[in-house]
Amino acid sequence: MTDLATGLTSTTGPVLLDTAGDGVDRHLSDLLATGANGTPACYLADHGAARAARDAGSDPVLYTAHRDILPPTRALGAEWFADLCAYRPGQLPGGELIRSIGHWNTPAQLEVFEVLSGRVLMITAWHDSSGTPVLNWQACEPGDLVAVPFGAWHQTSVLDGPAVVFNIYTDLPGTEQQHTSRHAAQHAEIKYRSSAPVEITAIRTEAGFTLTGSRRGRDHWGRGMQAVEPAWLREAVGPGGLVALHTAASANALARLVDAARAHLPQTQPQPTGERP
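Residues numbered from 1 in each chain as written. Predicted model: local features only at pLDDT ≥ 70, side-chain atom pairs only at ≥ 80, totals over all residues. Heavy atoms only, no water.

### Comments concerning the pattern of salt bridges
Phase 1 of the analysis: All chains considered together, the criterion is met by seven salt bridges.
Phase 2 of the analysis: Among the ionic pairs, E96 bridges to R99, the shortest N-O distance being 2.9 Å.
Phase 3 of the analysis: Notably, a salt bridge pairs R216 with E199, separated by 2.4 Å at the nearest N-O pair. Pair noted here: R216 is in helix α5 (residues 215–221) and E199 is in the loop between α4 (188–191) and β11 (200–205), with a separation of 17 residues, a long-range link.
Phase 4 of the analysis: The class of R216 is exposed, set by a relative accessible area of 52%.
Phase 5 of the analysis: A single salt-bridge network, built from bridges that share partners, covers R119, E141 and D160. (Salt bridge = Lys/Arg side-chain N within 4 Å of Asp/Glu carboxyl O. Helix = DSSP H or I, 4+ residues; strand = E, 2+ residues; numbered from the N terminus. Buried < 20%, exposed > 50% of the residue type's maximum accessible area, 1.4 Å probe, protein only.)

Right under this line is the structure:
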């Protein structure tokens, strides 16, 4: 595990998060792990180059994941959890951006991210209520917010690193699901390997980046659409940012976020387990 800097700063002021030595390092080999039905846990732009690098003894740390970076908050009859990921700069073999493994959220999971430092690309995919595939990407600066649609897949890639991304999540009542988001967070085989990954990712170009993918992934998801931070999300989180929202644990403030998310986030159509494109 790697010691990281403390006293991180967002656009709203000091963020008192102690990240010294208590995270889990994610390596190149984690991207090559086996996923659903014996397939890779994630799609890589150049799987062969990544596998060759690992087999040659190169298995660098890509990022460090800090679960429960702040104590859980209880509000609105649910527990809210806070995580943080610290990403290294650089790129993977084949030119792909340093990235998270990526995973599908549960249908009831409300998850919001804030970039604290660096620049990242958030790629999100889901099927809308009519079953139509939707692929979005959002380039995020420090202070920018992203809310993941219920039941959607998402991946974080590093545009300028090192980059630090904070997030909070909870499960909203009233939605049937096989397991909670908390259970998935504690069991890698559920979070990362229960459903096939979206076969889309981002590679470095002279212009910055471009989305790429397998032929099946491109045919299904299309080219993707640029997204921006929605006004409703900024208003719901408040001027203090996501860390302040979680720390204050104000039932009224969290209720505003829940109500806004229910009103504005896309409602996704579930896909059969292990059969997602």
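### A short note on the nonpolar core
Phase 1 of the analysis: Membership of the largest hydrophobic core comes to 31 residues, with the highest contact counts inside it found for W80, L110, V112, F166, I168, L233 and L257.
Phase 2 of the analysis: Among the elements that line this core, the one with the most residues is helix α8 (residues 251–264), at six residues.
Phase 3 of the analysis: Ignoring sequence-local partners within four residues, the contact set of W80 consists of P72, T73, A75, L110, I168, Y169, T170, H246, L254, L257 and V258.
Phase 4 of the analysis: With 28 residues, the next largest nonpolar core counts A53, Y63, I98 and A152 among its residues. (Core = buried A, V, L, I, M, F, W, Y, C linked by side-chain atoms within 4.5 Å. Contact = heavy atoms within 4.5 Å.)

### Structural notes on the side chain of D83
Phase 1 of the analysis: Summarising the element assignment, D83 is placed in strand β5 (residues 78–87).
Phase 2 of the analysis: Notably, D83 is buried but unbridged: the nearest opposite-charge side chain belongs to R67, and the N-O separation is 4.8 Å.
Phase 3 of the analysis: A distance of 2.9 Å separates a polar side-chain atom of D83 from the backbone nitrogen of D68.
Phase 4 of the analysis: In this structure, D83 is in contact with H66, R67, D68, I69, V165, F166, N167 and Y169, ignoring residues within four places of it in sequence. (Lys, Arg positive; Asp, Glu negative; His and termini not counted. Polar contact = N/O pair within 3.5 Å; in protein donor to acceptor, adjacent residues only side chain to side chain.)

### Some words on the pairing of strand β9 (residues 145–148)
Phase 1 of the analysis: Covered by surrounding structure in β9 are L145 and A147 together with V146 and V148, the residues of both alternating faces.
Phase 2 of the analysis: Pairing analysis gives four bridges linking strand β7 (residues 109–127) to β9, with the strands arranged antiparallel. Bridge pairing in β9 places E114 opposite L145. (Pairing = 2+ DSSP bridges.)

### Quick notes on the environment of L121
Phase 1 of the analysis: Structurally, L121 can be placed in strand β7.
Phase 2 of the analysis: Expressed as a C-alpha distance, the spacing of L121 and F209, which sit 88 residues apart in the sequence, is 9.3 Å.
Phase 3 of the analysis: Among all residues touching L121, those that are not within four sequence positions of it are W137, Q138, A139, Q155, T156, S157, L159, A202, F209 and L211.

### Observations regarding helix α7 (residues 241–248)
Phase 1 of the analysis: Among all positions in α7, only G241, L242, V243, L245 and H246 are buried.
Phase 2 of the analysis: Residues of α7 that are buried in the fold lie against β4 (61–75), β5, β7, β10 (153–171), α6 (231–237) and α8.

### Some thoughts on the packing of aromatic side chains
Phase 1 of the analysis: Taken as a whole and assessed by the stated rule, the structure comprises three aromatic pairs.
Phase 2 of the analysis: With centroids separated by 4.9 Å and ring planes inclined at 35°, the aromatic side chains of Y63 and Y87 adopt a geometry described as tilted. Separated by 24 residues along the polypeptide, Y63 in strand β4 and Y87 in strand β5 bring together distant segments of the chain. Exposure class is identical for Y63 and Y87. Each is buried. (Phe/Tyr/Trp six-rings, centres within 6.5 Å; stacked < 30°, edge-to-face > 60°.)

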